[in-house]
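Each chain, written out:
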Amino acid sequence: MKAIRRFTVRPVLPEPLQPLSDLARNLRWSWHTETRELFESADPAGWRATGRDPVRLLGAVSAARLAELAGDRPFLDRLTAAAADLDTYLRGDRWYQERVGQGAELPAAIGYFSPEFGVTAALPQYSGGLGILAGDHLKAASDLGVPLVGVGLLYRHGYFRQSLSRDGWQQEQYPLLDPNELPVTLLREPDGTPAQIALTLPGHRSLRACVWQAQVGRVPLLMLDSDVEENGPGEREVTDRLYGGGSEHRLLQEMLLGIGGVRAVRTYCRLTGHPAPEVFHTNEGHAGFLGLERIGELVATGLGFEASLEAVRAGTVFTTHTPVPAGIDRFDRELVARHFGDDGELPGVPAERVLGLGVETYPGGEPNLFNMAAMGLRLAQRANGVSTLHGAVSRRMFAGLWPGFDPSEVPITSVTNGVHAPTWVAPEIARLGDAERVPDADVWAVRRALREQLVAEVRTRLHASWRQRGAEAAELGWIDGVLDPDVLTIGFARRVPSYKRLTLMLRDRERLTELLLHPERPVQIVVAGKAHPADDGGKRLVRELVRFADDPRVRHRIVFLPDYGMGMAQKLYPGCDVWLNNPLRPLEACGTSGMKAALNGCLNLSVLDGWWDEWFEPDFGWAIPTADGSAADENRRDELEANALYELIEDRVAPRFYDRGGSGLPDRWIEMVRRTLVSLGPKVLAGRMVREYVERLYAPAAAAHRALDADTASELAAWKYRTRTLWPYVSVDHVEAVAATGAGAGGGAGSGGAGGGAELGSTLSLRVSVGLGELRPEDVDVQAVAGRVGADDTIVDAQTFPLKPAGGPDLDGRWVYEGPLALDRTGPYGYTVRVLPAHPLLATSADLGLVTLPTEATGEGAGVLMR
């Protein structure tokens with residue numbers, strides 16, 4: 001029989017133990033070792049049985065044990081110390097407050113929106129790297145005192161749990177999550193009723209959601225949940241699964257996240273007195289609708305749409321994690337129009353204006369699709385990728401939104417991701433202290449102990465997996481011999497889209513088998529990863545790997561562990577000696593798993609992609625050579641790069657691990673571990689990442705937000721409208737170059753065609769005639785753009801030189817601009833001239849996407865080329 005109603009019976013803690021409840025409800029325990037050890041000591045067996053989840057543990061501890069703990073003076077002393085430590089952590093000034101005290105103008109609060117958050121395995125609201133990154137962002141913000149408010153959705157089924165069939169095919173299960181059993185509390189109105197937000201749906205329907213709050217140290221995380229009685233069956237299922245359902249289901253999720261999320265923040269601030277965010281950070285395009293809600297708020301006050309758009313853009317930061325167009329959410333424009341029509345959401349915002357924000361107006365774009373990343377970029381004055389290389393990839397990918405500008409000038413910067421050390425560093429590594437001074441023997445002993453822990457973890461998980469696959473216990477004696485704590489251990493764990501190439505290691509199976517079974521330098525490999533439930537291609541890759549790992553010849557040396565998640569990862573990273581990453585370059589936006597491994601002294605073996613392209617040094621690991629020239633032939637590329645991988649392991653990685661010095665220790669390997677911990681470790685920290693966001697993006701966004709009151713926003717919007725309208729009449733009519741110092745550029749005024757020459761260190765004096773129509777000089781910047789040129793005369797490594805008004809307008813309305821052009825480089829060199837819009841409140845000169853260049857009809861001096 002099934003129960004007609006479900007509820008949770010909570011334990012009643014004895015008075016001396018009441019602080020345990022506060023410690024359990026604040027997720028700081030997930031990265032605070034002393035608090036975790038306190039809970040473990042309360043009931044060691046229960047701690048393991050409940051998956052190391054304090055909330056579940058307190059619900060499972062017997063009344064007798066609670067009474068015993070209430071009289072245990074040493075335990076109570078530890079409890080008092082832990083509670084006092086948490087209170088100090090929550091209330092004391094930290095880096096952010098110190099910066100404000102030093103005079104820094106920082107935002108009062110920041111809203112951080114993401115479709116998933118990986119804070120702890122006890123709150124399974126994540127699928128992969130995007131969510132783990134978001135969780136680390138919140139934790140690092142808490143440690144630094146950054147006043148962040150996280151916003152997401154509470155998925156009643158989370159992401160799927162992965163198991164394997166007998167033949168290795170991925171199977172998915174969606175366990176029901178009861179919020180009352182999670183470390184969350186319901187946001188309530190003063191009268192005790194649950195706070196709710198509502199969205200309007202077509203057909204006079206409503207989508208309602210309650211708001212659950214998780215406390216991530218100092219940072220509140222608000223999660224919207226549509227499973228409320230006021231909703232119809234369809235609406236109740238909107239937050240059922242992470243990345244589940246069809247197109248309209250996903251659209252409703254993203255509307256609830258963005259529009260509903262802003263409303264949840266407003267409700268939270270009203271109920272708690274928390275400062276309202278001045279900056280809103282959109283973590284990927286899924287949350288992009290938050291900008292529309294904020295426009296709707298301003299339109300409701302009487303501000304026009306364009307002015308509201310400017311005000312919203314000023315305070316918005318957009319982070320893209322996507323290196324390929326296929327990874328972007330796109331919706332049929334008619335579907336979007338229906339939800340923002342007359343009887344849909346944001347009635348004060350015309351549907352055609354909404355559609356205009358997401359339209360793919362660039363070459364190759366689909367006019368019938370609404371692009372969430374395009375909307376995110378148009379609604380944010382500041383945008384970034386998540387590694388230096390990914391920033392460059394993003395500038396190329398989205399260059400169509402800024403026609404006339406070279407990709408290098410597209411206004412997308414980069415902040416390289418980081419990882420939260422207290423979450424990911426094994427206690428044994430943390431206890432090493434300053435790795436620079438620790439004896440080699442101690443470093444090696446810790447690394448072996450972590451490898452031994454991993455071996456035990458793998459055997460336990462592998463046994464459970466085979467039982468799920470239908471094996472009898474009597475068949476599984478061989479698992480006791482799986483892996484060896486003294487063998488070089490390679491880890492590979494991540495999502496399983498095709499570009500991450502889970503099975504590249506299987507390219508030459510006999511060669512891989514020889515590596516695994518080498519009589520003197522064997523290798524063992526631990527693999528984990530989930531394919532998206534709808535990705536049959538990814539599932540086939542999983543099955544291919546599993547079937548190889550099932551082979552009795554090698555199954556003691558290579559394993560696939562199903563259901564990769566945070567709990568597994570925290571054992572896997574420290575226990576591996578080498579972390580393998582072999583994506584198709586440059587399709588890895590960042591790849592933070594290798595960062596987590598590095599923090600534990602694990603060496604990276606990776607394609608130069610994402611963060612590894614930025615920070616690779618031979619001291620830290622190895623770079624797998626890539627066959628970028630074979631990109632058109634994926635089969636050939638995979639063959640070349642797999643061979644390069646095998647050669648690296650055979651010739652460099654394994655010999656270094658097994659080469660013992662006079663002390664009997666692998667001295668050169670230990671030195672690489674030491675350099676990884678000391679030199680690479682500080683670079684990959686989430687604290688460094690969050691400080692960069694604060695100083696480079698949040699603070700400027702807050703300043704821009706404060707500068708745009710209603711009147712200023714209206715003036716800026718009017719100026720943009722006027723500038724766009726009059727821009728077709730802007731022209732570069734004539735360019736002259738005169739050698740001001742040094743040798744001439746081909747002989748004086750008016751010259752400068754191909755074939756001219758000049759000496760290093762000389763200066764050209766430029767004189768340019770520009771038509772501005774009805775615009776004024778204060779509306780534009782006139783620049784010379786110069787640099788080396790290629791065979792097709794394209795300027796590379798460009799520098800800009802400002803030109804200043806020197807006279808005008810003449811009878812034809814032309815203005816003369818002049819300025820020097822310093823020739824500081826040798827070799828083929830060229831320049832051109834351009835006109836850009838200019839306004840004090842523009843974040844970049846590319847803001848409007850407008851630029852005027854000389855035409856071939858401009859005459860002599862449209863550009864000069866020197867060889």
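Residues numbered from 1 in each chain as written. Predicted model: local features only at pLDDT ≥ 70, side-chain atom pairs only at ≥ 80, totals over all residues. Heavy atoms only, no water.

A. How the structure looks around the nonpolar core. Residues Leu488, Met505, Ile525, Leu605, Trp622 and Trp669 are the most contacted members of the largest nonpolar core, which totals 101 residues. If you tally residues by element for this core, the top one is helix α25 (residues 634-658), at 10 residues. Aside from chain neighbours lying at most four places away, what touches Trp669 is Trp444, Leu488, Asp577, Val578, Leu603, Trp622, Val653, Arg656 and Phe657. In terms of nonpolar packing, the next biggest core, distinct from the first, is built from 56 residues, Leu224, Val299, Val349 and Phe370 among them. (Core = buried A, V, L, I, M, F, W, Y, C linked by side-chain atoms within 4.5 Å. Buried < 20%, exposed > 50% of the residue type's maximum accessible area, 1.4 Å probe, protein only. Helix = DSSP H or I, 4+ residues; strand = E, 2+ residues; numbered from the N terminus. Contact = heavy atoms within 4.5 Å.)

B. Quick look at the pattern of salt bridges. Enumeration over the complete set of coordinates arrives at 59 salt bridges. Across the pair Arg65 and Glu68 runs a salt bridge, and its minimum N-O distance is 3.1 Å. Highlighted residues: Arg65 and Glu68, both in helix α5 (residues 63-70), separated by three residues, approximately one helical turn. Note that Arg313 and Glu310 form a salt bridge whose closest N and O atoms lie 3.9 Å from each other. Residue Arg313 and its partner Glu310 are both found in helix α12 (residues 305-314); the two are separated by three residues, about one turn of the helix. Three or more residues joined by partner-sharing salt bridges are found here, namely Arg501, Arg585, Asp613, Asp628, Arg637, Asp638 and Glu641. (Salt bridge = Lys/Arg side-chain N within 4 Å of Asp/Glu carboxyl O.)

C. Examining helix α27 (residues 686-707) more closely. For α27, built from 22 residues, the straight-helix expectation of 32 Å at 1.5 Å per residue is met to within 8% by its first-to-last C-alpha distance of 30 Å. Where α27 bends most, at Val694, the angle is about 40°. (Expected span 1.5 Å × (residues − 1). Bend = angle between axes of the 7 residues up to and from the residue.)

D. Up close: the sheet that holds strand β19 (residues 603-607). The sheet built from six strands is open, its strands ordered β17-β16-β15-β18-β19-β20 with parallel pairing. Pairing within the sheet leaves two strands with one partner each, and these edge strands are β17 (558-561) and β20 (621-624). Taking each pair of neighbouring strands and ignoring which way they run, the sheet shows an average axis angle of 20°. With two bridges connecting them, strand β15 (residues 488-493) and strand β18 (residues 578-581) associate as parallel partners. Residue pairing across strands places Gly491 opposite Trp579, the latter belonging to β18. With respect to the sheet, helix α20 (residues 509-516) is in contact with β16 (523-528) and β17, its orientation differing from that of β16 by roughly 115°. Lying over the sheet, α25 contacts β15, β16, β18, β19 and β20, oriented at roughly 165° with respect to β20. (Pairing = 2+ DSSP bridges. Axes fitted to C-alpha atoms, helices over the stretch in contact; angles between N-to-C directions.)

E. Layout of the side chain of His321. With respect to the secondary-structure elements, His321 resides in the loop between β10 (316-319) and β11 (330-332). A polar contact of 2.6 Å, which involves the side chain of His321, links it to the side chain of Asn283. Leaving out residues up to four positions away in the same chain, His321 has contacts with Leu130, Leu133, Asn283, Glu284, Val386, His390, Asn417 and Ala589. (Polar contact = N/O pair within 3.5 Å; in protein donor to acceptor, adjacent residues only side chain to side chain.)

F. Structural view of the pairing of β17. Neither face of β17 is left uncovered, since the one carrying Ile558 and Phe560 and the one carrying Val559 and Leu561 both have all their residues buried. Sheet analysis places β16 next to β17, joined by four bridges and oriented parallel. Bridging across to β17, Val527 finds its partner in Phe560.

G. Expanded view of unusual backbone geometry. The step from Arg585 to Pro586 runs through a cis peptide bond, and the omega angle for that step is 5°. Although it is not a glycine, Tyr243 adopts a positive phi angle of roughly 55°. Tracing the sequence through the fold places Tyr243 in the loop between α9 (233-236) and α10 (247-272). Judged by its relative accessible area of 16%, Tyr243 falls in the buried class. Its identity is not glycine, yet Asp563 carries a phi of approximately 65°, on the positive side. Asp563 gets classed as buried once you look at its relative accessible area, which sits at 16%.

H. Inspection of the packing of helix α19 (residues 440-468) against helix α26 (residues 667-680) at higher detail. Remark: α19 packs on α26, axes separated minimally by 10 Å, with the N-to-C direction vectors making an angle of 80°. By the criterion of interaxial angle, the relationship of α19 to α26 is roughly perpendicular. Residues Asp440, Val443, Trp444 and Arg447 of α19 form the contact with α26, whose own contacting residues are Asp667, Trp669, Ile670, Val673 and Arg674. Looking at the contact of α19 with α26 residue by residue, the classes come out as five nonpolar, no polar and four charged. (Parallel < 35°, antiparallel > 145°, perpendicular 65-115°, else oblique. Nonpolar A, V, L, I, M, F, W, Y, C, P; charged D, E, K, R; others polar.)

I. Structural context of the pairing of β15. In terms of burial, β15 is largely enclosed, as six of its six residues are buried. Covered by surrounding structure in β15 are Leu488, Ile490 and Phe492 together with Thr489, Gly491 and Ala493, the residues of both alternating faces. Note that β15 and β16 share six bridges and pair parallel. In the sheet register, Phe492 faces β16, and the bridge partner there is Val527. A crossover connection joins β15 to the parallel β16 through α20; in handedness this β-α-β unit is right-handed. (Right-handed = clockwise from strand over helix to strand, strands pointing away.)

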